[in-house]
Structure formats: C-alpha cells, structure tokens
Amino acid sequence: MIYIKEAILHIFDLNSNEPIFSFAGLDLTEKFTFDYLHAMIEKVEDSDNMKTGILTENNPLNQTFSTIPTDFIETTKTLTEKFFSITKLNPEIPPADLLFVYFTLDEVPQLGLFKLNYSDSITHYVSYEEETLTNQLIINRSILPSARQAIQEGMVLNLNTMEYHVIEKKHLIDELAEKIYYFTELFLEDKPQPSLKENISIIKKAVQKTSKAFDDEEFQVLADTKDALVHSMTEENVIDNQVIAETLYGDNHAKKEKFFEEIKELGYVDRAPAEVAVAGPKYSKQKFRLDNGIEISIPIELYRDPDVVEFINNPDGTTSVMIKNIEKIKNLF
C-alpha cells in the first residue's frame, strides 16, 4: 500500500535557465494532486521501459538521499540543483519541472523523482487597451503532462536498500558529443540493468543474427521466439535465455552457441524480472506483414493450433497461410 507523506515541485525558469525553488510542499488534501502523484509512481513501476539498479555504497548521492526523511524540502533543492546543472547546459534535453514524492510502500520509505517535460498549448488571456477589453490567444510553453500522459523520465528509489526503478531517454550531451542516458549516468552516476523492453529487443536481435547465420526462415523463428518469451514470462515471471534457446534450437548446439554469443555481446541480463502484463498487449498476439501488403494478427494461444492456422511451404519457395474453420467474419470498419 502506498502512503504519500510529502511532495514538492521545483520549477525550471525558461527565462533565466535557473530553478525556482518551492519552500513548501504540495497540498496533499487536494484529491487531484493526490491522484496525480499516484499516477506518476505507477508510470514508472508499470512500464516495460523500467530499468533496475542499486546505488553502491560509495555513490556520491547516498548521503543526500539519506536526509530525505528528515529534511525533505532542503534535500530536494540540492538534488534539483544537480539535475538542472546538467540539463541547462544541454539544450537537447527538454526543459521541465521536477516533482519529488516521499512515500512509503508497504511501510518501506521511498523517493519518487519525476521529470515533467513542458509542452506548448494555446490558452486565452484578457487585455485592456485604452479601456477596451479584448480576449486574446497566447501560447503557454510550460504545460505539464496530465495524469494520463506518459512521462519520459522518472525514478522510484527504495531508501532502505538504495535499489531504484527508472525510466529514461537518451539525449545529446554537448560536452561528450554523444547521446547518453544522462539521468542515470550523469545524475545518479550509476548504470542500471537493461529494461524488459531492451532485454526483449536484445533477444530479438540475437535470434535474427542467428537465423541469418544459418539461413533459417526469420518470420517463423521470431514467432517461436515470441511464443517462448510469453511462456517464460507467464510461468516464471522472468525471461530465461536457456528456455528460449531450448525452445528455438533444441539439440542444435551450433545454433545455441551462436545465440548465446550474440546475447552476451549485446548485453542481455538473464532471468531479469519480467511480466506479460507489464510487457503490454502486443505480446498477446502474433503479427505478420506479408510482402503483398496483407497483415495478419493471431492470438498467441491460437497460433500453434493446426485447426486454426497453418503456414505451408510451397515447392516454388513461397509460403501460403491457411486460416481454417471460420464460422463468421466481422468487418472492423
């Protein structure tokens, strides 16, 4: 159960490129504020882009984070100064406000830090010129994301164990002349494990490279890979590369060796936590795009049922797809 104790918002001033600190917390008696804070926490925890890491004992931010329970407001100012000192020197990083939330999850103290990127929106204002009231349109360039919108960067930190969950995005850092995950690499000064989405992408690339090396039919192997991924996530709540390899390659040791070589080189983390629910609805279907423009979407539980669908390899090297035992067709126009 989540219990929110304190929250505060620090603003990035677009005119001065400096933070405007708040000296008091948000009003937690306002229901929309309370709901918004819960939504921000869930956006990190329920994302397949979420990465996991643990700050080491010698991490320079450990001492700062340790004062959150006793000096929340001043500590968030210190963290904001460090964060904005990075973003204001790198114009590709979108300007934003920083939202801090001190809460407990099942009585364990946690800190949420959420970067709320600005967006433009049109609004009205009333002007008086020569005693004439005029309604005008203006652009507000500091609109924050709604509770329903996705956020690109945010973190939830366990203040007891210093384990964190983070979602982030690469941006160009001028000093380095390259795009990096500045949130973790420069602000947290740490490197988390790959996210569920990144792990799945790594497996996909490794399977594609293995298929190419052995001239396998890529669409079929990728379909089998998706099937194995869903099975592993459903049964064990992890992605087990051994299960994936056994499912795809059986006793073919050469293919297994190539697959393991590729995922190691790409940085895959074996048996990292993974859930189908977090991975999203796209993993519930097998989707194919044929070279003639036809697209097919098959529920994953029906994909291996020969009474429902069959892929037929023709003597001329083409493939036919047969959909069977259809009683009714509905147009989804």
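Residues numbered from 1 in each chain as written. Predicted model: local features only at pLDDT ≥ 70, side-chain atom pairs only at ≥ 80, totals over all residues. Heavy atoms only, no water.

- Per an unreviewed UniProt entry, the protein chain carries the name Nucleoid-associated protein and comes from Carnobacterium viridans.

A closer look at the pairing of strand 4 (residues 96-105)
- The buried count for strand 4 comes to nine of 10 residues, which makes it a mostly enclosed element.
- Alignment of strand 1 (residues 2-13) against strand 4, held across eight bridges, turns out to be antiparallel. Residue Leu 9 lies in a different strand from strand 4, and its bridge partner there is Leu 99.
- Pairing analysis gives 10 bridges linking strand 4 to strand 5 (residues 108-117), with the strands arranged antiparallel. Opposite Thr 104, over in strand 5, you have Pro 109 as the bridge partner.
- Hairpin geometry of strand 4 and strand 5 is characterised by an intervening segment of two residues between the two adjacent antiparallel strands and by a positive phi of about 55° at Asp 106. (Buried < 20%, exposed > 50% of the residue type's maximum accessible area, 1.4 Å probe, protein only. Helix = DSSP H or I, 4+ residues; strand = E, 2+ residues; numbered from the N terminus. Pairing = 2+ DSSP bridges.)

Comments concerning the layout of surface pockets
- Size it by volume and the largest pocket reaches roughly 990 Å³.
- Phe 219, Leu 222, Lys 287, Phe 288 and Arg 289 are the residues nearest the centre of the largest pocket, which is lined by 29 residues in total.
- At the level of elements, helix 5 (196-213), helix 6 (218-236), strand 12 (285-289), strand 13 (295-299) and strand 15 (319-323) are the ones that each hand at least two residues to the lining of the largest pocket.
- Broken down by element, the residue count for the lining of the largest pocket peaks at six residues, all from helix 6.
- Each residue belonging to the lining of the largest pocket can be placed in one class, and the counts come to 11 nonpolar, nine polar and nine charged.
- One number sums up the size of the second largest pocket: a volume of about 320 Å³. (1 Å grid on protein atoms, 1.4 Å probe; cavity = no way out; pocket = protein on both sides within 12 Å on 5 of 7 lines; lining within 4 Å. Points joined across faces, edges and corners; volume = space filled by probe spheres on them. Nonpolar A, V, L, I, M, F, W, Y, C, P; charged D, E, K, R; others polar.)

A few points about the pattern of salt bridges
- Taken as a whole and assessed by the stated rule, the structure comprises 16 salt bridges.
- With its nearest N and O atoms 3.1 Å apart, the salt bridge here joins Glu 168 to Lys 51. Here Glu 168, found in the loop between strand 9 (163-167) and strand 10 (171-173), pairs with Lys 51, found in strand 3 (residues 51-54); they are 117 residues apart in sequence, far enough to count as distant.
- Residue class for Lys 51 comes out buried when judged on its relative accessible area of 6%.
- Linking Glu 262 and Lys 209 is a salt bridge whose minimum nitrogen-to-oxygen distance equals 3.7 Å. One end of the pair, Glu 262, is in helix 8 (residues 253-266); the other, Lys 209, is in helix 5, with 53 residues separating them in the sequence.
- Relative accessible area serves as the criterion here: at 39%, Lys 209 is assigned to the partly exposed category.
- One network of salt bridges, in which partners are shared, links Lys 51, Glu 168 and Glu 198. (Salt bridge = Lys/Arg side-chain N within 4 Å of Asp/Glu carboxyl O.)

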